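Geometric and topological summary
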Amino acid sequence: MPPPLPPDPIEPCPPPPAMDAALPGAVVATILSRLDVRSLLLAAAACRGLRTCASHALVFLPSFHLLVALPHHLLRPLLPPNPSLRSLRLDCASLEDNAIGCLARSSLQELLLLNCNKISGRLLRELGATCRDLRMLSLNSLGEHRGLVVTFSDLQELLNGCSQLESLRLALDFSTFDDPNFGRAWASASERLSSLEIGYIPMTMLLELLTAVVEAQQCMDYVKAPVFFPSLQKLCLTMDFITDHLIGSISVALPSLTHLDLQDAPIIEPTSSSDLTNAGLQQINPHGKLKHISLMRSQEFLVTSFRRVNDLGILLMADKCSNLESVCLGGFSRVTDTGFRAIIHSCSGLHKLRVSHGSHLTDLVFHDIVATSLCLTHVSLRWCKLITDIGIERLSFNKDLNVLDLRDCRSLGDEAVRALSCLPKLQTLSLDGTDISDEALKYLGLGTCPLTSLSLRGCRRLTNDCIPLLFAGSVKQSLQVLDISRIPSVTNDAIMLLARSRTPLVELRMRENPKIGDAAVMALASMQVDGGTYGSSLQLLDLYDCGGITPLATRWFKKPYFPRLRWLGITGSLNRVMVDALTRSRPFLHMASRGEELGTMLWDTYSDWYRHNDDDLDELEQWLLDGEPVSDDDTAMEE
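Residues numbered from 1 in each chain as written. Predicted model: local features only at pLDDT ≥ 70, side-chain atom pairs only at ≥ 80, totals over all residues. Heavy atoms only, no water.

Under an unreviewed UniProt entry, the name given to the protein is F-box/LRR-repeat protein 15-like leucin rich repeat domain-containing protein, and the organism recorded is Urochloa decumbens.

For the rest of this paragraph, the subject is the packing of helix α20 (residues 492-501) against helix α21 (residues 518-526). Where α20 meets α21, the axes come as close as 8 Å, and the angle between the chain directions of the two elements is 5°. Overall, the two elements α20 and α21 adopt an arrangement that is roughly parallel. Here α20 contributes Asn492, Ile495, Met496, Leu498 and Ala499 to the contact with α21, which in turn contributes Ala519, Ala520, Ala523 and Leu524. In terms of residue class, the contact of α20 with α21 is built from 8 nonpolar, 1 polar and no charged. (Axes fitted to C-alpha atoms, helices over the stretch in contact; angles between N-to-C directions. Helix = DSSP H or I, 4+ residues; strand = E, 2+ residues; numbered from the N terminus. Parallel < 35°, antiparallel > 145°, perpendicular 65-115°, else oblique. Contact = heavy atoms within 4.5 Å. Nonpolar A, V, L, I, M, F, W, Y, C, P; charged D, E, K, R; others polar.)

Our next topic: the confidence of the model for the protein. Per-residue confidence for the protein averages 87 on the pLDDT scale, and 87% of its residues sit at or above 70. Ignoring residues within four places in sequence, the model shows residues 7-11, a span with pLDDT below 50, making 0 contacts including any to other chains. Every residue in residues 601-619 is under pLDDT 50, and counting partners more than four places away or in other chains gives 54 contacts. (pLDDT = per-residue confidence, 0-100.)

Time to look at a nonpolar patch on the surface. Taken together, the side chains of Ile267, Ile268 and Phe301 present a nonpolar region at the surface, about 350 Å² in accessible area. Mapped onto the elements of the fold, phenylalanine 301 is located in the loop between β9 (292-297) and α13 (311-320). (Patch = residues over 30% accessible without salt bridge, like charges linked within 9 Å, V, L, I, M, F, W, Y side chains within 5 Å. Areas by Shrake-Rupley, 256 points an atom, 1.4 Å probe, with all protein chains shown as cover. Salt bridge = Lys/Arg side-chain N within 4 Å of Asp/Glu carboxyl O.)

For the coordinates displayed, the defined rule picks out 24 salt bridges. Among the ionic pairs, arginine 486 bridges to glutamate 512, the shortest N-O distance being 3.2 Å. One end of the pair, arginine 486, is in the loop between β16 (481-483) and α20; the other, glutamate 512, is in the loop between β17 (507-509) and α21, and 26 residues separate them in sequence. Take glutamate 512: its relative accessible area is 28%, and that puts it in the partly exposed class. (Buried < 20%, exposed > 50% of the residue type's maximum accessible area, 1.4 Å probe, protein only.)

Have a look at this one:
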């Protein structure tokens, strides 16, 4: 059979068929309906046909989850009237009250809004009036912008209207809701409410609420009393003081709790009547239902601790809490290894253990850990300065360890890391402020643990050599998050070695390093990963107070460099004009210049929708800002 004749050079080849001719619209619509919002919008940026299909898909999308903080005029077209919308998750940093109508939708069952500081309490009122079927609500920073008001009546309208709520998280200051009827108002809260998280509530208001709950329970049968929290299982609160009276009131008022998380932040030293003692710990878990207990004393305002609790109190608590799966204890300065060992040995199903400021916790706490069930997966021993390499070697017998936080354990050295480097499931490791050297990074580099996050902040013995040692082995393939801040010996040469390794880092923090300068930025901007664009993998870069950074560095943050960058930390004293110009050219870049920590800590609870490591959002930004990034040639070809 003769070969086919080549096309006639005089007759031009016919243009490819339009997309709607090649694929039925119903097929394209079905495909797009399976995409998340980011992928859908990126598809819309490709051509006019997909843009039309994507616009139709937005009308029927059941979930809209988007991290990019869009202003109202860009968000509104993406949220057309949609009776199918059930879940909405947004960063509201660029939204004000005029966007409330866009957020409060009658069809919603789940609403998660972050950074609502420019939105007033009217949002609560509108949600109560509109979202009658809401099951989950999470808000933070509401009305924190100067001059905005959040009132008690706004909270009342929310509780009265959202009668189907199962989970309520209001990371707000409840002292603004101080009212004589505060406790009684919660009688109208949803009977289905199983999880309640409050940002801060004064102890007096909390006790008022718990008193109202107990009084309702004690009413005689023939008196119709209001129902308070009949289904509540999870309670997370921050208050000024944790006291015996508070623990007792919670145990009586909320007998069905399985998850209790309390944190206080005293501004003055607690007195004996306003503190937690051994007697208070004995009142925890009278019904034996608790699975998680967290009691933390913050050092934010005052260096203090639970000075009236000793080993006896922990032993009494452990005796009643043998079913615990998670224990977090912070600020128990008089508790020794005896108390902490009682928890580890009494709770056979313990998976997560967190101890902070354990000033008397030593290696002996893990001396006979092999006699336990060895099912720990998450361990945090922050500020436990007496723990040494021997204790961590014992802890490493837990082969299921996935997250390990050893920040500020200043007695730890290289041998501890050597023991950890062979853990088959260890993904997150924090070694801030420990006494490790480059040799420890050699152990990690040659080890087998699949690290995705490593923090070395303040490890002052490390040098530039730690970078090639770390990336000599398999860690190079798995590591996504690296913190090498506050290490005086790290210079531009280390960052150049990192860039040459082409490790696909997503987050890189190197703040407060005096020898890091513009050359490091240029090296990262020029780095290519797997043939991608320059600096393509980084989503977060923290350069705050790096001694060698000058206004010249800001030029390297303009496109096409760092196309995925969403968080940038720099020093505020850099050339303000250039920084402002960068802000205008990259409106979706979160810039921090006052030393604040960047990135994911606000999103950790919802990391499943925060991380999109493979998204290149350049086209998305262009489409949102310009309308339709399709060239005239492409349009003509389609038509």
